[in-house]
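Residue-level listing of the chains:
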Amino acid sequence: MVETTKKRNRVFDYFCEEDQFAGGVAWCAGCPLELTARFVPKVLGKNMVFVGTPGCAAPVLHGQNVGAWHRLAYLASVMTGVPSKATGISRYFHRIGLDATVVCFTGDGCATDVGFQPLSGAAERGERIIYLAYDNEGYMNTGNQRSSATPLGAATTTTPVGKMRHGKPTIAKNMPLIMLMHRPIYMATATLSHLEDFAKKLQKAKEKVKEGFVYLHVFSPCPVGWRIDSDKSIEVCRTAVRTNYFPLWEADDGKPRFTVNVANPRPVTEFTKLMRKFSHLKEDGLAELQKAVDERYALIKTLVDANQ
Amino acid sequence: MVSAQKGQVMVITGNAVAAYGAMLCRPEVVAAYPITPQSELAEQLAQFVANGVLDAEYVEVEGENSAMNVVLGASVAGARVVTATSSYGLVFMYDALQEASGFRAPIVMINANRETPGIHAVSSGQQDMISARDTGWVQIIVENDQEIMDQIIMAYRLAEDKDILLPTMVNYDGFYLSYLAEAVEIPRIEDVDGFLAPLKKQPPRQKLVPGLPIGCGSHGMEMGYVEARYKHCQALERVKGKVDEIDKLFGEYFGRSYGGQIEEYRTDDADIVLVTSGSATGTAKTVVDAKREAGVKVGLVKLRLFRPFPAERLISALKGKKAIGVIDRSICFGWKTGPICTELKALTADIGVVPILSYIDGLANLDITVPHIERVIDEVSAAARGKPYQDVTWIPMEE
């Protein structure tokens, strides 16, 4: 018999901790959020506090109806108080000399909408916290309603498709850029198709948060709400990067750069065809979406180029 | 415990007194957002930190909701904290207020009472505090600047007591007390340390520790939720006796006490009793004295503890009286009578079926004057003699 050695993924080199979550938790099949939640403490280590909020992460993070599904210290907050509670915790930990990472873990609804004010406040004050927004482009936990991170044209239950309306009429907030304008000590986007990139960014976040505010924006497709087959979520992440729909970039000390360069970006239709939330869009609607994607990318590229 | 030494006497405003009171208790994390009539307090605390008088983290938050959330996070992590607000600021904290009490976080908040939204009113009134009554907090109302100082110190002793562990709100009438300079004895910080020292001898309270599987604010399972609520209500019940006990200890140590849950003023042999709260009480006491001179057997109850409602002490003070007049500096939407009067009427079965007259006065910076209180006493006296009376009187509307 010939022994073969499978090439070991380099992402394992970034792990300093075993999985902190139980198996068989109550997240949906194929949800990248579950993998993100498991991934973060593996890289950051368990000497951390999660501050979470009602949303997709809550059923497991907050131990809904079971008590505990993980081994981490966490604080459950309503959506309006996440970075502020993290501020209080972080300030006190520093005061008493306790070296621990405080991580806010919320969806895009909390980050871009109802919880934006305290996020902006904490970023401006340079609080030593990591704010990780998992972006599934809407209020998925309550059943796929639109948030201000929902993209142009997308069908949600509050931007439904009918005779008079055809999905969301406005583009998504460019949240990573908005957060960069607060000049955090570190800002990055990440997604699960590029694990090593994600791991490097988490490691950097862990170091940089000792000096100030860190914002991480993690693209996290929702198989249920976007109507994706549950085995396709990582492929959707990868396609989002390859189409420039979700560029992977970072800003260390305010200096933006792409961490993954896409040589020949694919048309956004390669992304939209993987799900059904855009399936009602005709050619003109898809062209509008492509324009929004191009504009967003161009804006980031301008900043990156200016920094060269 | 030996007695405290005499502290320095300063003539300062109620806001400044509150800042000194908080500073003397050595909070470790402070977060406050300025709002009229509290702003001077937020500024003074920032100045204490800037001058090194107070060794604390001062978080200049972007709104009151964050102020409450910052001190809540810090409190859950184990810190002693303070925040301060008023009116719309208190309203803006509404969700966090409920989390604070649900988490059993021993936060002390200073609230300079002011009218609340609906009609914009930059003016005094107790509507803010009254409207927050169902948030599960302990709510205490004080009468003058010295009582602001003393009650803040007592609030820490109460909130952090292992049998209580509840957030506590110290309220004083904005505009009236916030800007009123009075001579106040500032206790020596060593003596405040001494008074609060028993808290340090308690077993450490539960807190958030990184690396340990401790969850705060978890989704309650059905029975877990009920149990947490039950224990919260039990703790509120324990507050009543504890407030009396701490007031007595404070009196023995500092030489000043306030009656605990309520202050009874000339009630022992009184036929009729006025119920007041806050800064109007001083005026009312003066009128009670004058009426006594004129032979009217009138007494006064000052409500100090609003939440939990001091039912037992009120029953004991009011039982057998012939008529009662209650002056509310706020309103109770959906009831004709003022909020404190409405709650007092829930005790009718124990107090006895006697006339209880509700007076709404002092809203929106209107003074509760000597003639107003004279009128109240005259009408309550007449009601006690069996004369017909009006259930509710909005005094300013009848002038």
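Remember, predicted model here, so these are calculated numbers, not experimental data.

Q: Residues and numbers for the sheet that holds strand 6 (residues 214–219) of chain A, please.
A: If you trace the 9 strands from one edge of the open sheet to the other, you get 8(A)-7(A)-5(A)-6(A)-4(A)-3(A)-1(A)-2(A)-9(B), paired in mixed fashion. With one partner strand each, in any of the chains shown, strand 8 (255–258) of chain A together with strand 9 (215–216) of chain B form the two edges of the open sheet. Bridge count for strand 1 (residues 48–52) of chain A against strand 2 (residues 73–76) of chain A is 4 bridges, and the pairing is parallel. Within strand 2 of chain A, the residue paired with Phe50(A) across the bridge is Tyr74(A).

Q: Report on the sheet that holds strand 14 (residues 323–328) of chain B, specifying residues and quantitative values.
A: Residue and element names in this part refer to chain B. Taken in spatial order, the 6 strands of this open sheet run 10-12-11-14-15-16, and their pairing is mixed. The sheet is open, and its two edges are formed by strand 10 (262–265) and strand 16 (392–394), each paired on a single side. Strand-to-strand twist of the sheet, defined as the mean angle between neighbouring strand axes without regard to direction, takes the value 20 degrees. Two elements, strand 11 (residues 272–276) and strand 14, share 4 bridges in a ladder whose sense is parallel. Bridging across to strand 14, Ile272 finds its partner in Ala323. Contacts from helix 10 (residues 280–293) reach strand 10, strand 11, strand 12 (298–303) and strand 14 within the one sheet, and its direction differs from that of strand 12 by about 165 degrees.

Q: Let's hear about the nonpolar core: which residues, and what values?
A: A general feature of soluble globular proteins is that nonpolar side chains tend to end up buried together. Counting 213 residues, the largest nonpolar core has Val49(A), Ile89(A), Val103(A), Leu132(A), Val29(B) and Ile152(B) as the members making the most contacts within it. Here the element with the most residues in this core is helix 7 (residues 145–159) of chain B; it accounts for 9 residues. Taken domain by domain, this core gets at least three of its residues from each of domain 1 (8–254) and domain 2 (262–398) of chain B. Contacts of Leu132(A), omitting those with residues within four sequence positions, involve Val40(A), Val103(A), Cys104(A), Phe105(A), Leu216(A) and Val218(A).

Q: Tell me about the packing of helix 3 (residues 82–95) of chain A against helix 3 (residues 64–77) of chain B, and name the residues and values.
A: Between helix 3 of chain A and helix 3 of chain B, the shortest axis-to-axis distance is 6 Å and the interhelical angle comes to 45 degrees. Between helix 3 of chain A and helix 3 of chain B, the crossing angle belongs to the class labelled oblique. Crossing of helix 3 of chain A against helix 3 of chain B: the hand is right-handed. Counting all contacts with helix 3 of chain A, which are made through Ser84(A), Lys85(A), Ala86(A), Thr87(A), Gly88(A), Ile89(A), Arg91(A), Tyr92(A) and Phe93(A), the residues of helix 3 of chain B involved are Ser66(B), Asn69(B), Val70(B), Val71(B), Leu72(B), Gly73(B), Ala74(B), Val76(B) and Ala77(B). Partitioned by chemical class, the residues of the contact of helix 3 of chain A with helix 3 of chain B number 10 nonpolar, 6 polar and 2 charged.

Q: Go over the interface of chain A and chain B, please, and point to the residues and values.
A: Of the residues lining the interface, 35 residues belong to chain A; the matching set on chain B comes to 36 residues. Looking at the side of chain A that touches chain B, the elements with two or more residues in it are strand 1, strand 2, helix 3 and helix 5 (116–125) of chain A. Looking at the side of chain A that touches chain B element by element, the count peaks at 10 residues for helix 3 of chain A. Grouping the amino acids of the side of chain A that touches chain B by side-chain chemistry returns 15 nonpolar, 14 polar and 6 charged. Here strand 2 of chain A runs beside strand 9 of chain B; their pairing, made up of 2 bridges, is parallel. Paired with Tyr74(A) across the strands is Gly215(B), a residue of strand 9 of chain B.

Q: Pulling in residues and values, what's your account of the environment of Glu288(A)?
A: Residues and elements named next belong to chain A. Counting through the fold element by element, Glu288 comes out in helix 11 (residues 283–306). Linking Glu288 and Ile171, residues 117 residues apart in sequence, is a C-alpha distance of 9.7 Å. Among all residues touching Glu288, those that are not within four sequence positions of it are Leu152 and Gly153.

Q: A description of unusual backbone geometry should follow, citing residues and the corresponding values.
A: Residues apart from glycine generally show negative phi values, whereas peptide bonds are mostly found in trans. Residues and elements named next belong to chain B. Here the bond from Thr36 into Pro37 is cis, since omega is 5 degrees, no more than 30 degrees from zero. Here Pro37 lies in the loop between strand 2 (29–31) and helix 2 (39–50). In this structure, Pro308 follows Arg307 across a cis peptide bond, with omega equal to -10 degrees. Mapped onto the fold, Pro308 is located in the loop between strand 13 (305–307) and helix 11 (311–318). A positive phi angle, near 45 degrees, is found at Leu165, a position not held by glycine.

Q: Mind laying out the domain arrangement of chain B, listing which residues take part and the relevant values?
A: Note: interface size is frequently given as the accessible area lost on complex formation between the parts. All names here are of chain B. Once the domains are mapped, chain B shows domain 1 (8–254) and domain 2 (262–398). Taken together, the 26 residues of domain 1 in the interface contact 21 residues of domain 2. Elements represented by at least two residues in the side of domain 1 that touches domain 2 include exactly helix 6 (127–131), strand 6 (138–141) and helix 9 (222–254). No other element matches the 5 residues that helix 9 contributes to the side of domain 1 that touches domain 2.

What counts and how
Residues numbered from 1 in each chain as written. Chains lettered and ligands numbered in written order. Predicted model: local features only at pLDDT ≥ 70, side-chain atom pairs only at ≥ 80, totals over all residues. Pairing = 2+ DSSP bridges. Helix = DSSP H or I, 4+ residues; strand = E, 2+ residues; numbered from the N terminus. Axes fitted to C-alpha atoms, helices over the stretch in contact; angles between N-to-C directions. Contact = placed C-beta atoms within 7 Å. Core = buried A, V, L, I, M, F, W, Y, C linked by C-beta atoms within 7 Å. Buried ≥ 20, exposed ≤ 12 C-beta atoms within 10 Å, placed from the backbone. Domains from an automatic or database assignment. Parallel < 35°, antiparallel > 145°, perpendicular 65-115°, else oblique. Left-handed = near helix turned anticlockwise from the far one by under 90°. Nonpolar A, V, L, I, M, F, W, Y, C, P; charged D, E, K, R; others polar.

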